[in-house]
Amino acid sequence: MSIDSHENTKAWLHRYGELQREADRLWDRVDELRARIAAARSTNLDGMPHGSNTDADRIGADLSRLEDLEQEAREVQQEATASRREIEVAIRKISGRGWADRREVLRLRYIDGLKWEDAAERLFGDDPQFWDRQDVFLRREFKLHRAALEALAQFVPLQTGQENNTFGDDIK
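Residue indices begin from 1 for each chain and proceed along its sequence in written order. Since the coordinates come from a predicted model, pLDDT governs what is reported: local features require at least 70, and pairs of side-chain atoms require 80 or more to be given and counted, while whole-chain, interface and lining totals use all residues. Hydrogens and water molecules were not included; the side-chain quantities draw on all heavy atoms of the structure.

Caption draft 1: Region of the structure containing the overall build of the chain. A helix here means a DSSP run of H or I that spans at least four residues, while a strand means a run of E at least two residues long, and both kinds are numbered starting from the N terminus. Along its length, the chain carries six helices and zero strands. Going residue by residue from the N terminus, the α and β elements of the chain occur as α-α-α-α-α-α. Here's how the labels work: a residue is buried when its accessible area is under 20% of the maximum for its type, exposed when over 50%, partly exposed in between, all with a 1.4 Å probe on protein chains only. With 172 residues in all, the chain has 35% of them scored as buried. A separation of at least 24 residues holds for 64% of the contacts in the chain among residues at least 6 apart in sequence. For the chain, the accessible surface area stands at approximately 11,000 Å², while carbon and sulfur atoms represent 46% of it. In what follows, a contact means two residues having at least one pair of non-hydrogen atoms within 4.5 Å. In this description, accessible areas are obtained by the Shrake-Rupley approach with a 1.4 Å probe, and a residue is regarded as covered only by the protein chains that are shown.

Structure follows, in structure tokens:
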């Protein structure tokens, strides 16, 4: 497997995490905007006189922005979900010797977003030598990851960002 192919496969796998982080940030912004709208509404209930164009104009603009932001968050979330499903379908196609561990290392790193050390613990933590020789098991995980990427490369797009329509039937 060439370095470019290896990097393209990893970039394709990382796309889900990036999309999910973007969706999470958008949903955080939606929550913040909802809180600001709720706070603005509650200030008008104090019974005190207010200027004619105070919170009402701002609330209207915020409600419009909230609608747009929610739509954007839904679209990015749908894109992240589709990316995750495409990755899961490709991972399930990995076969051959050691297929279960190769699939799992990819799931742990790219679907669950675990750090190398945490993924190694999940993979090998039940081995009695793991806690004394974590560096050995981490190297073993790296080799397993490399083999998994090589196996997966045949099921992913050739270039980063390229759509792979071969999964359409499997996802549905």
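Caption draft 2: Representation of the pattern of salt bridges in the model. Note on definitions: salt bridges are taken to be side-chain nitrogens of Lys or Arg within 4 Å of carboxyl oxygens of Asp or Glu. Following the criterion strictly, the structure yields eight salt bridges and no others. A salt bridge links Arg15 to Glu79; the shortest N-O distance between them is 2.6 Å. Placement of the pair is Arg15 in helix H1 (residues 3-43) and Glu79 in helix H2 (residues 55-92), with a sequence separation of 64 residues. The partly exposed category is assigned to Arg15, whose relative accessible area is 28%. A salt bridge links Arg36 to Asp62, with the nearest nitrogen and oxygen atoms 3.0 Å apart. Of this pair, Arg36 sits in helix H1 while Asp62 sits in helix H2, and the two are 26 residues apart along the sequence. It is possible to trace a salt-bridge network through shared partners that takes in Asp31, Arg34 and Glu70.

Caption draft 3: Examining the packing of helix H4 (residues 116-124) against helix H5 (residues 134-152) more closely. Convention adopted: a line fitted to C-alpha atoms gives each axis, helices being fitted over their contacting stretch, and angles between N-to-C directions are expressed from 0 to 180 degrees. One way to put it is that H4 packs onto H5 with a least axis distance of 9 Å and a crossing angle of 90 degrees. Put simply, H4 runs roughly perpendicular to H5. Contact residues: H4 offers Trp116, Glu117, Ala119, Ala120, Leu123 and Phe124, while H5 offers Phe137, Leu138, Arg140, Glu141, Phe142, Leu144 and His145. We call Asp, Glu, Lys and Arg charged. Ala, Val, Leu, Ile, Met, Phe, Trp, Tyr, Cys and Pro are nonpolar, and the rest, Gly among them, are polar. Of the residues assigned to the contact of H4 with H5, the class counts are nine nonpolar, one polar and three charged. What sets the label is the angle itself: under 35 degrees gives roughly parallel, over 145 gives roughly antiparallel, 65 to 115 gives roughly perpendicular, and the rest give oblique.

Caption draft 4: The nonpolar core, seen in detail. One finds Trp12, Leu13, Ile87, Leu106, Phe124 and Leu152 to be the most contacted residues of the largest nonpolar core, which totals 40 residues. Elements that contribute at least two residues to this core include exactly H1, H2, helix H3 (99-111), H4 and H5. Counting residues per element, this core draws most heavily on H1, at ten residues. Residues enter a nonpolar core if they are buried and are Ala, Val, Leu, Ile, Met, Phe, Trp, Tyr or Cys, with the set joined through side-chain atoms within 4.5 Å.

Caption draft 5: Expanded view of the confidence of the model for the chain. Averaged over all residues, the pLDDT of the chain equals 85, while 80% of them reach at least 70. pLDDT expresses how confident the predictor is about each individual residue, on a scale running from 0 to 100. Across residues 160-172 the pLDDT falls below 50, and counting only partners more than four positions away or on other chains, this stretch makes 19 contacts in the model.

Caption draft 6: The arrangement of the packing of aromatic side chains in detail. The pairing test for Phe, Tyr and Trp rings, Trp by its six-membered ring, is centres within 6.5 Å, and the orientation test on the planes gives stacked under 30 degrees, edge-to-face over 60, and tilted for anything in between. Scanning the entire structure with this criterion turns up four aromatic pairs. Geometrically, the ring pair formed by Phe130 and Trp131 is edge-to-face, given 4.9 Å between the ring centres and 80 degrees between the ring planes. Taken together, Phe124, Phe130, Trp131 and Phe137 form an aromatic cluster joined through their ring pairs. Its end group placed over the ring of Trp116, Arg109 keeps NZ or CZ at 4.0 Å from the ring centre. Only when the NZ atom of a Lys or the CZ atom of an Arg is both within 6 Å of the ring centre and within 35 degrees of the ring normal do we say a charge sits over the ring.

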